[in-house]
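# Structural features, examined
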Amino acid sequence: MYEIPSLRYKYSDLEPYIDEETMRLHHTKHHQTYVDKLNAALESHSDLFKLSIEDLLRDLNQVPEQARTAVRNHGGGHYNHSFFWTVIGPSGGAPREQTIAALDKFFNSYDGFKEKFSAAAANHFGSGWTWLVKNNDRLEIVTSANQDTPLSEGQVPILTLDLWEHAYYLKYQNRRAEYIEAFFKIINWDEVEKRIAGE
Ligand code: MN
């Protein structure tokens with residue numbers, strides 16, 4: 001059975017950028033529900049529980065058709081949130097030299113990256129996610145709808161932002177742009193650096 005991971009920080013640690021109540025609901029209610037529904041969808045296909053969530057999503061065709069949509073939605077929800085929790089954190093700070101060099105290469109500058117990522121997040125219609133991914137050897141910014149994940153497209157997630165209203169509505173209501181700006185204060189750049197390096 002899949003389980004929600006525990007966080008490496010407290011719900012209040014991301015204040016004032018993401019409020020404690022949003023973090024608590026997001027982790028214990030929203031994420032938990034994806035896990036519960038994923039587990040329910042796999043009840044009669046229990047051989048698939050031996051796969052990591054990543055391996056499950058990398059090839060959705062291995063999931064019997066009857067359970068595939070539920071795995072795509074709830075398995076995606078489980079993976080996307082588990083990943084999101086690792087790339088945000090209280091330390092904030094700025095990317096180090098190696099990460100800046102990688103961002104320079106594909107987006108001209110850190111500011112170029114931030115602008116492009118923010119625009120993709122602001123312009124995405126409805127629920128979904130904005131991602132920095134590695135696609136072959138290139139860094140790219142993509143968005144996914146609902147709980148779709150770049151893993152299923154053969155891409156390697158490097159950084160993501162949850163664009164569902166449940167991620168920000170309590171504090172920011174309809175002000176998605178402010179939420180996107182706040183996100184840049186709580187990116188865990190150590191984790192991003194590791195993922196760019198392929199660790
Ligand atoms: Mn979410």
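Residues numbered from 1 in each chain as written. Predicted model: local features only at pLDDT ≥ 70, side-chain atom pairs only at ≥ 80, totals over all residues. Heavy atoms only, no water.

## Considerations on unusual backbone geometry
Worth spelling out the cut-off: Numbering of helices and strands runs from the N terminus; a helix is a DSSP stretch of H or I covering at least four residues, while a strand is a stretch of E covering at least two. The classification of residues rests on relative accessible area computed with a 1.4 Å probe and restricted to protein chains. Under 20% of the type maximum is buried, over 50% is exposed, and intermediate values are partly exposed.
Geometrically, the link from E15 to P16 is a cis peptide bond, its omega value of 0° lying close to zero. Topologically, P16 is positioned in the segment before helix 1 (20-41). Residue Q173 is not a glycine yet carries a positive backbone phi of 45°. Its location among the elements puts Q173 in the loop between helix 6 (169-172) and helix 7 (176-183). Since its relative accessible area comes to 29%, Q173 is described here as partly exposed.

## Quick notes on helix 8 (residues 189-196)
Among all positions in helix 8, only W189, E191, V192, E193 and I196 are buried. Once helix 8 finishes, G198 follows within two positions and takes phi at roughly 85°, a positive value.

## Quick look at the side chain of H81
We count it as follows: Any two residues having at least one pair of non-hydrogen atoms within 4.5 Å are treated as being in contact.
Tracing the backbone shows H81 in helix 3 (residues 65-87). Leave out the neighbours within four places in its chain, and H81 touches H26, H31, Y34, W129, Q147, D162 and H166.

## Digging into the coordination of the manganese ion
Our working rule: Metal donors were taken as nitrogen, oxygen and sulfur atoms no farther than 2.8 Å from the ion, or 3.2 Å where the ion is Na, K or Ca. Water is excluded, so coordination may look unfinished.
All of the protein donors around the manganese ion are H26 (NE2), H81 (NE2), D162 (OD) and H166 (NE2); their distances to the metal are 2.0 to 2.1 Å. Each donor residue of the manganese ion lies on the same chain, and together they follow the pattern H-x54-H-x80-D-x3-H. Separated by 55 residues along the polypeptide, H26 in helix 1 and H81 in helix 3 bring together distant segments of the chain. Judged by relative accessible area, which is 2%, H26 ranks as buried.

## Quick look at the nonpolar core
Keep this limit in mind: The definition of a nonpolar core used throughout is a set of buried Ala, Val, Leu, Ile, Met, Phe, Trp, Tyr and Cys residues joined through side-chain atoms within 4.5 Å.
One finds L56 and F113 to be the most contacted residues of the largest nonpolar core, which totals 57 residues. Top contributing element to this core by residue count: helix 3, with 7 residues. Other than its neighbours up to four places away in sequence, F113 contacts L103, F107, L132, I141, L159, F184 and W189.

## Focus: the pattern of salt bridges
Stated precisely, the cut-off is as follows: Just to be clear on terms, a salt bridge is a Lys or Arg side-chain nitrogen sitting within 4 Å of an Asp or Glu carboxyl oxygen.
Tallied over the entire structure, the rule returns 12 salt bridges. Here E21 ties to R24 by a salt bridge, and the two come within 3.5 Å at their closest N and O atoms. Here E21 pairs with R24, and both are found in helix 1, just 3 residues apart, close to one helical turn. Here K114 and E181 are joined by a salt bridge, their closest N and O atoms 3.0 Å apart. Here K114 is found in helix 5 (residues 110-123), whereas its partner E181 is found in helix 7, with 67 residues between them in sequence. Within this structure, R8, E191, K194 and R195 form a network of salt bridges that share partners.

## Quick word on the sheet that holds strand 1 (residues 128-135)
Sheet strands pair via backbone hydrogen bonds, and the direction of the pair is either parallel or antiparallel. Stated precisely, the cut-off is as follows: A pair of strands is considered paired only if DSSP assigns at least 2 bridges between the two. Only the contacting stretch of a helix is used when fitting its axis, a line to C-alpha atoms as for every element, and angles between N-to-C directions run 0 to 180 degrees.
Across the sheet, 3 strands lie side by side as 2-1-3; this open sheet has antiparallel pairing. Both outer strands of the open sheet, strand 2 (138-145) and strand 3 (156-162), are each paired with one neighbouring strand and no more. Across the sheet, the axes of successive neighbouring strands diverge by a mean angle of 25°, strand direction being ignored. In this fold helix 3 packs onto strand 1 and strand 3, with an angle of close to 90° to the strand it touches most, strand 3.

## Quick word on the packing of aromatic side chains
This is how the line gets drawn: Two aromatic rings from Phe, Tyr or Trp, using only the six-membered ring of Trp, form a pair when their centres are within 6.5 Å; if the ring planes differ by under 30 degrees the pair is stacked, by over 60 it is edge-to-face, and anything between is tilted. Think of it as a cone above the ring: NZ of Lys or CZ of Arg counts as a charge over the ring if it is within 6 Å of the ring centre and within 35 degrees of the ring normal.
Tallied over the full model, the rule gives 17 aromatic pairs. Three or more aromatic residues joined by ring pairs form one cluster here, namely F107, Y110, F113, F117, F183, F184 and W189. Its end group placed over the ring of F184, K114 keeps NZ or CZ at 5.2 Å from the ring centre. Just above the ring of Y172 sits the side chain of K171; from NZ or CZ to the centre is 5.7 Å.

So, to be careful, I would describe these as geometric facts and stop short of saying anything about function.
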